[in-house]
Amino acid sequence: MTEKEQNEIKVVVFDLNGTFYNKSSKEEFFKFISKKKPHKLAYYFQMIYYKVLLKLHQIRMTEFKENFFNYLDNIPPKQVEQYAREFWQQEFPDEFNEEIKAKLDRYKKEGIQVICATGALEVYVKPLFELYPVDLFFGTQTRYNGETYIVEGKACKDEEKIKRLDKHFNGKPYRIVEAYSDNKENILDEADRAWLVKDDGKLVRL
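Scope of this entry: the structure provided in the associated data block. (Residues numbered from 1 in each chain as written. Predicted model: local features only at pLDDT ≥ 70, side-chain atom pairs only at ≥ 80, totals over all residues. Heavy atoms only, no water.)

**Points about unusual backbone geometry**
Right, on to step 1. In this chain, phenylalanine 92 is followed by proline 93 through a cis amide linkage whose omega measures 5 degrees.
Right, on to step 2. Among the structural elements, proline 93 can be located in the loop between helix H5 (77-91) and helix H6 (98-109).
Right, on to step 3. For histidine 57, which is not glycine, the phi dihedral falls at a positive 60 degrees.
Right, on to step 4. Position of histidine 57 among the secondary structure elements: in the loop between helix H3 (44-55) and helix H4 (61-68).
Right, on to step 5. Its relative accessible area of 70% is what places histidine 57 among the exposed residues. (Helix = DSSP H or I, 4+ residues; strand = E, 2+ residues; numbered from the N terminus. Buried < 20%, exposed > 50% of the residue type's maximum accessible area, 1.4 Å probe, protein only.)

**Looking at the pairing of strand S7 (residues 193-197)**
Right, on to step 1. Within S7, 4 of the 5 residues are buried, which leaves it mostly tucked inside the rest of the structure.
Right, on to step 2. Here S7 folds back onto strand S8 (residues 203-205), and the loop between the two strands holds 5 residues, one of which, glycine 201, carries a positive phi near 90 degrees. (Pairing = 2+ DSSP bridges.)

**Some thoughts on H6**
Right, on to step 1. Under the 1.5 Å per step criterion, the end-to-end length of H6 is 17 Å for 12 residues, consistent within 8% with the ideal 16 Å.
Right, on to step 2. Those residues of H6 not exposed but buried are Ile100, Lys103, Leu104 and Tyr107. The buried side chains of H6 occupy one side of the element, clustering within an arc of 100 degrees when seen end-on. Set apart from the buried face of H6 by more than 90 degrees, the exposed residues are Glu98 and Lys109.
Right, on to step 3. The elements touched by buried residues of H6 are strand S1 (9-14), strand S2 (113-121), strand S6 (174-181), S7 and S8.
Right, on to step 4. One side-chain oxygen at the N-terminal end of H6 lies 3.1 Å from the backbone nitrogen of glutamate 99; it belongs to asparagine 97.
Right, on to step 5. Just past H6, the residue glycine 111 takes up positive phi, approximately 80 degrees. (Expected span 1.5 Å × (residues − 1). Arc of directions from axis to C-beta. Contact = heavy atoms within 4.5 Å. Polar contact = N/O pair within 3.5 Å; in protein donor to acceptor, adjacent residues only side chain to side chain.)

**Some thoughts on the pairing of strand S3 (residues 136-140)**
Right, on to step 1. Counting buried positions along S3 yields 4 of 5 residues, so the element is predominantly enclosed.
Right, on to step 2. The pairing of S2 with S3 spans 4 bridges and is classified as parallel. In the sheet register, leucine 121 faces S3, and the bridge partner there is threonine 140.

**A few points about the packing of helix H2 (residues 25-36) against H5**
Right, on to step 1. Axis separation between H2 and H5 bottoms out at 10 Å; the angle between their running directions is 110 degrees. In terms of their interaxial angle, H2 and H5 are classed as roughly perpendicular. Crossing hand, H2 versus H5: right-handed. Residues Ser25, Glu28, Phe29, Phe32, Ile33 and Lys36 of H2 form the contact with H5, whose participating residues are Val80, Tyr83, Ala84, Glu86, Phe87, Trp88 and Gln90. (Axes fitted to C-alpha atoms, helices over the stretch in contact; angles between N-to-C directions. Parallel < 35°, antiparallel > 145°, perpendicular 65-115°, else oblique. Left-handed = near helix turned anticlockwise from the far one by under 90°.)

**Concerning the packing of aromatic side chains**
How two aromatic rings sit relative to each other is set out by the distance from centre to centre and by the angle between their planes.
Right, on to step 1. Evaluated as defined, the whole model comprises 19 aromatic pairs.
Right, on to step 2. Pairing phenylalanine 20 with phenylalanine 96 gives two aromatic rings, centres 5.0 Å apart and planes at 70 degrees, and the pair type is edge-to-face. Linking phenylalanine 20 in the loop between S1 and H2 with phenylalanine 96 in the loop between H5 and H6, this pair joins segments that are 76 residues apart in sequence.
Right, on to step 3. On the basis of relative accessible area, phenylalanine 20 is assigned to the buried category, the value being 0%.
Right, on to step 4. You can call phenylalanine 96 buried: its relative accessible area is 2%.
Right, on to step 5. Here the aromatic rings of tyrosine 21 and phenylalanine 96 are separated by 5.1 Å at their centres, their planes lie at 45 degrees, and the arrangement is tilted. Of this pair, tyrosine 21 sits in the loop between S1 and H2 while phenylalanine 96 sits in the loop between H5 and H6, and the two are 75 residues apart along the sequence.
Right, on to step 6. Tyrosine 21 sits in the buried class, given a relative accessible area of 0%.
Right, on to step 7. Above the plane of the ring of tryptophan 195 lies lysine 103, whose end atom (NZ or CZ) is 4.7 Å from the centre.
Right, on to step 8. Residue placement shows arginine 106 over the ring face of tyrosine 107; its charged tip is 4.9 Å from the ring centre. (Phe/Tyr/Trp six-rings, centres within 6.5 Å; stacked < 30°, edge-to-face > 60°. Lys NZ or Arg CZ within 6 Å of the ring centre and 35° of its normal.)

In structure tokens form, the structure reads like this:
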């Protein structure tokens, strides 16, 4: 074993939506918020509109995120986190992939860093990891301007996940020993073992 290999930080990286979490948090959290604030249902058709624009490649992912989450307008971060805490408490662990959780639990015991890299907004994902602690999580960063949420930088998707990892480790050698996602994204290409999560929750080795 080389000195570099000895010093490498071993990590496991997983996506959230459709991967560790069986559903789409952006959709489910909207339903949850709408129950709390029924007037937010009015954003439903706007959300459909931005989904269509994204599929037609008329807008970029970052712009989509910014507009899709307009239903969070006028809900300050502390209130969003409070709602998110309640949301995740009702979703975890029943709506999470048991096979992936077992693997992550094993890696934790082995001292390998467990990292979530998701395109979801950090403001509502953060409370999940009070229920299921991980070493680190990356999501799409936002700032609240007193009315709406503005995406800071780029949405945490594809190559942006690698950039966020590189920035975090800041030149220290690290190795992705395993990665999980429901999409064939860049992070899977960087992993020693890559798993694609199918719609039924089954894991397929790539």
